[in-house]
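Fold and contact review
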Amino acid sequence: MKLEPLIYEISVPGRCGVRLPEVDVPTTDLPQDLLRAELDLPEVSEMDVIRHYVRLSHLNYGVDKGFYPLGSCTMKYNPKVNEDAARLPGFAGLHPRLGIDETQGALMLMYYLQTWLAEISGMKGVSLQPAAGAQGEFSGILMIRKYHLDRGDGKRTRILVPNSAHGTNPATTSMAGLEVVELPSDENGDVDLAALRAACDDTVAGMMITVPSTLGLFERHMLEVIEAVHGCGGLMYMDGANMNAMMGVLKPGEIGFDVMHYNLHKTFSTPHGGGGPGSGPVACNEKLLPFLPGPIVAEIEPGDDEQPPLYGWHMPEKSIGRVKAFHGNFGMLVRAYTYIRENGGPGLRDVSYYAVLNANYVLALLRDTYHVPYDRFCGHEFVMEGRWKDAPGIHALDISKRLMDYGYHPPTNYFPLIVPEALMIEPTETESKETLDAFAETLKTIAREAHENPELLHEAPHITPVGRVDEVLAAKQLVLCCVPIPDWAEQPPTLSTQSA
Amino acid sequence: MSYIPHTDADRRAMLAAIGVESIEELFDAVPEQYRFPHLALPEPLSEMEVLSELYGLQAANASVQDFSLFLGAGAYHHFIPSAINHILLRGEFYTAYTPYQPEVSQGTLQAIFEYQSMLCALTGMEAANASHYDGATSLAEAIIVAINEARGKRRKIVLSAGINPQYREVVRTYLQGQDVTFVGDDRVRTPAELLELVDDQTAMLAVAYPNFFGQIEDFTGLADSLHSQKVLLTLVADPIMLGLFKSPGELGADMAVGEGQPLGIPLSFGGPYLGYFACTKQLVRKISGRIIGETKDNRGQRAFVMTLRPREQDIRREKATSNICTNQGLMALAAGIYLSLMGKCGLRTVANLCYQKSHYAAREIDRLPGFSVDWSKPFFKEFMVRCPRPVAEINARLLEDYGIIGGYDLAQDYPDRANTMLLAVTEMNTREEIDALVAALEEIAS
């Protein structure tokens, strides 16, 4: 497949991709001393732009193109109706600074979504403001921090994090100004209870844990873990990245979690967009309600038989504050609303049922070929090792790259860190048995190739538009921009920005 | 409506391969007393039913389709060329994830590299990342960079009250655990007055360009003075204005951040938007977020890849300076397409239309008895008008009787600006709309 030139390389002076109306008002002189001399943007026609980006799209792989078993990312099918819903003019054309009377439709949608997300998690309240899972996490940890401070308990500065955790967990903790205490896992992939109990004291603010774990396993000592942390006065944070295994299966709020976040772009089918926008609502129990980021949507006047209730904004009394301008990634909220509305309660439980069925099925097909370090029923994903003693020199990355030759997106590599040469596979519920059979067959073929013709893997991928890329060179030369930027220090002194 | 493809026969065959009788058995590790709770959610709807419900909800909102809009205050109604949406809806872009595997992600990677390049050109800065969540969080990330650049030894940030009040709330939320002091935004101060607050504890000073009141302030000597004291300068800049006006780079900024929503992204009730982030080359190793760099593949071809990865949370974990892992990828794509379509000439034209129309509106309103426009500083597309009545009252009449969404009531955030309306005029406001606004204001005041 041919690579595509940069948009700047097809630029021709004088072209423009859009025609704008003439100035239809009496003109005002521009303040010349405030204006810039140069503006180095491309000059291309609309068709140039369309062809350029369509060709770029051909160099990409997405769920719409094929199977995308990228573990921990829940790459399920993104229903097309979601896209139409978010683009309805009353949503897409709605200004965020309008008052509540002008935005009742949007507020009602958000109110219902808050209510439903609270129901699914067994929590009491939800803020839809966080823009992504990482921001939801950050909100949750700030809430825990503020909860302790509010009680006059300033010595709780430590957050317990299992060593299988996603990197955001420790990074979030540091960002909140708290200290990370890493906990080991036991030989079954569960939290090492003895180590946990030893770490529990009156300096513990809380614990962050992913359920099912990043190994794809339902922690078997979950109740003991929660009891230990609560017992020392800490709070429990659930990383909801893996909620796709949990809907209608287990409500985190019911087993004692105090706060959690959702990833709407994972569990609730909003698209991943090539790396965002996501949406990371945070849900909490009664204890933490006053600390939610806000404002959140509330019913401010009850409805009756004729009138719906009036919805408005409410700032929780002891809120950690605002984490984002305006009201969260509203377009993502519309998509998640649409998805939940289409599924209902039984439908969402089926989502989790079939996500877990699919993962266990692929695991069953592969466990004789690949080493599965923690081999028991998995949740919606599982982790296996991409290495064999009798195939030296083969790494998980080689297997991943070879999968591309067969038309698949690779699984997640090298995560979680506690499994060597990890390949983390998450099929999601929207994939059919035939797809899973073919994928498993391909992985068996690759295992054979690894033993018989390892070069085939080392040199893979062969059929992709580019081969393996040189990451070291990228960091060394650090070319981040193809436009020459003037050295402003050597420019003539800038004129006053104060208009004469 | 279900997106699950399994037939009964599939399910049975799969359960048999696993060696269980039912799906429920797979959840044996979940504590039994809590297993399979009821979900009290509304009954499922078909696609046509859910669409019909959504039509109803969206119709209960006052959208730009039905009203003429003069409201800005951080979110702007600009023209969005049709081509953008057609590209965004390509499944290869919007159903992909973070380009961890460059061999099958060159589309996303190159598009973001080009976005970074156009952002650099626009801001006059040497580097840009793949974006943050929005303008507010981009500013928060800039502050974290400044604190780290000073090795944590300077923990004071000077903020102008001319920065969007919501941004100032967000940065305080972000830094609440980190012993950082914010000064300067307790009242509106000139850049010179802000400079007086800078001392040897100060890591960064941030101002807005234009400020929240639409004004272009005088930054002469600001950067030099700050740099001589080892303090970084961050400009929160409107990207459309940069089509005409001097770039943050030319004004000596170390970081340029802001809201990229005006670059082809719909209002959408406040999100998803685009936090753009650009900086000097000296700072690039300190910034957070995805960065795309150029490299070569093993066949000698030019290729693109996520670079400076060791800064990021998945590798650096608790030592990372930010937990961000995604960006606003699809919104960065939208901005890239927008800047390509507009190009050198188009963006200037849009900026000029904003300037001309807002100045026309300001002159016309200024003539009305009881209304006076603040001409004390140059402005771009937003300006302040002192009104003879409370802004909320005027806005209610504008909406109900004239189908016009009026400006922002500044008293909400600045108590000393009672009866002051912040009006935004863009290329989307025709002369007829502006004249209708002026006539309506005149009638309402009389």
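Residues numbered from 1 in each chain as written. Chains lettered and ligands numbered in written order. Predicted model: local features only at pLDDT ≥ 70, side-chain atom pairs only at ≥ 80, totals over all residues. Heavy atoms only, no water.

1. Here we look at the overall build of chain A
This is how the line gets drawn: Going along the chain from the N terminus, every DSSP run of H or I of four or more residues is numbered as a helix, and every run of E of two or more is numbered as a strand. Our radius of gyration is a C-alpha quantity, and the globule rule it is checked against amounts to 2.2 Å times the number of residues to the power 0.38. Only protein chains enter the area calculation, which uses a 1.4 Å probe; residues under 20% of their type maximum are buried, those over 50% are exposed, and those in between are partly exposed. Working rule for contacts: check all heavy atoms of both residues, and any pair within 4.5 Å makes them a contact. Here the open area of atoms and residues is found with the Shrake-Rupley method and a 1.4 Å probe, where only the protein chains shown may cover a residue.
Looking only at helices and strands, chain A features 14 helices and 12 strands. Relative to its length of 500 residues, chain A is compact, with a C-alpha radius of gyration of 26 Å against a globular reference of 23 Å. Dimensions of chain A along its principal axes, counting C-alpha atoms only, are 75 × 65 × 50 Å. Taken across its 500 residues, chain A has 66% of its residues classed as buried. Put simply, of all contacts in chain A between residues at least 6 apart along the chain, 72% involve residues at least 24 apart. About 16,600 Å² of surface is accessible on chain A, with carbon and sulfur atoms providing 50% of the total.

2. Thoughts on helix H12 (residues 433-452) of chain A
Note the threshold: For a helix, the expected span equals 1.5 Å multiplied by the number of residues minus one.
For H12 of chain A, built from 20 residues, the straight-helix expectation of 28 Å at 1.5 Å per residue is met to within 8% by its first-to-last C-alpha distance of 29 Å. Residues Lys 433, Leu 436, Phe 439, Ala 440, Thr 442, Leu 443, Ile 446, Ala 447, Glu 449 and Ala 450 of chain A constitute the buried set of H12 of chain A.

3. A few points about the domain arrangement of chain B
Residues and elements named next belong to chain B. Condition: For every domain, the bounds stem from an assignment made automatically or drawn from a database. Values labelled buried area give the accessible surface lost by two parts on being combined, using a 1.4 Å probe and summing over both.
Along its sequence, chain B is carved into domain 1 (68-79 + 344-445) and domain 2 (82-338). Measuring from the centre of the C-alpha atoms in domain 1 to the corresponding centre in domain 2 gives 28 Å. With 31 residues of domain 1 at the interface, the matching set in domain 2 holds 26 residues. Both sides of the domain 1 and domain 2 interface together cover about 2,300 Å² of buried area, and 66% of this is carbon and sulfur. The largest per-residue losses of area from domain 1 upon contact with domain 2 belong to Leu 347, Phe 380 and Tyr 414, which jointly make up 26% of the total buried on that side.

4. Topic: a negative patch on the surface
What counts is decided by this rule: Patches in this entry comprise residues that are over 30% relatively accessible and not in a salt bridge; like charges within 9 Å are linked, as are nonpolar side chains (Val, Leu, Ile, Met, Phe, Trp, Tyr) within 5 Å. Salt bridges are defined as contacts in which a side-chain nitrogen from Lys or Arg sits within 4 Å of a carboxyl oxygen from Asp or Glu. When charges are counted, neither His nor the chain ends are considered; positive counts come from Lys and Arg and negative counts from Asp and Glu. Charged groups are reduced to one reference atom each: NZ for lysine, CZ for arginine, CG for aspartic acid, CD for glutamic acid.
Side chains of Glu 21, Glu 24, Glu 25 and Asp 28 of chain B sit close together on the surface and give a patch of like negative charge. One can find Glu 25 of chain B in the loop between helix H1 (8-18) and helix H2 (47-59).

5. Things to note about the environment of Thr 173 of chain A
All names here are of chain A. Along the chain, the position of Thr 173 falls in helix H6 (residues 168-175). On the basis of relative accessible area, Thr 173 is assigned to the buried category, the value being 0%. Put simply, Thr 173 and Leu 142 are 31 residues apart on the chain and 8.7 Å apart in space, counted from C-alpha to C-alpha. Beyond its immediate chain neighbours, meaning those up to four positions away, Thr 173 contacts Ile 159, Val 161, Leu 178, Glu 179, Val 180 and Met 208.

6. Things to note about the environment of Lys 344 of chain B
Of note, Lys 344 of chain B is situated in helix H11 (residues 329-366). Counting along the chain gives 101 residues from Lys 344 of chain B to Gly 243 of chain B, while the straight-line C-alpha distance between them is 7.9 Å. The residues touching Lys 344 of chain B, leaving out its near neighbours within four places in the chain, are Glu 38, Leu 39, Asp 40, Leu 41, Pro 42 and Glu 43 of chain A.

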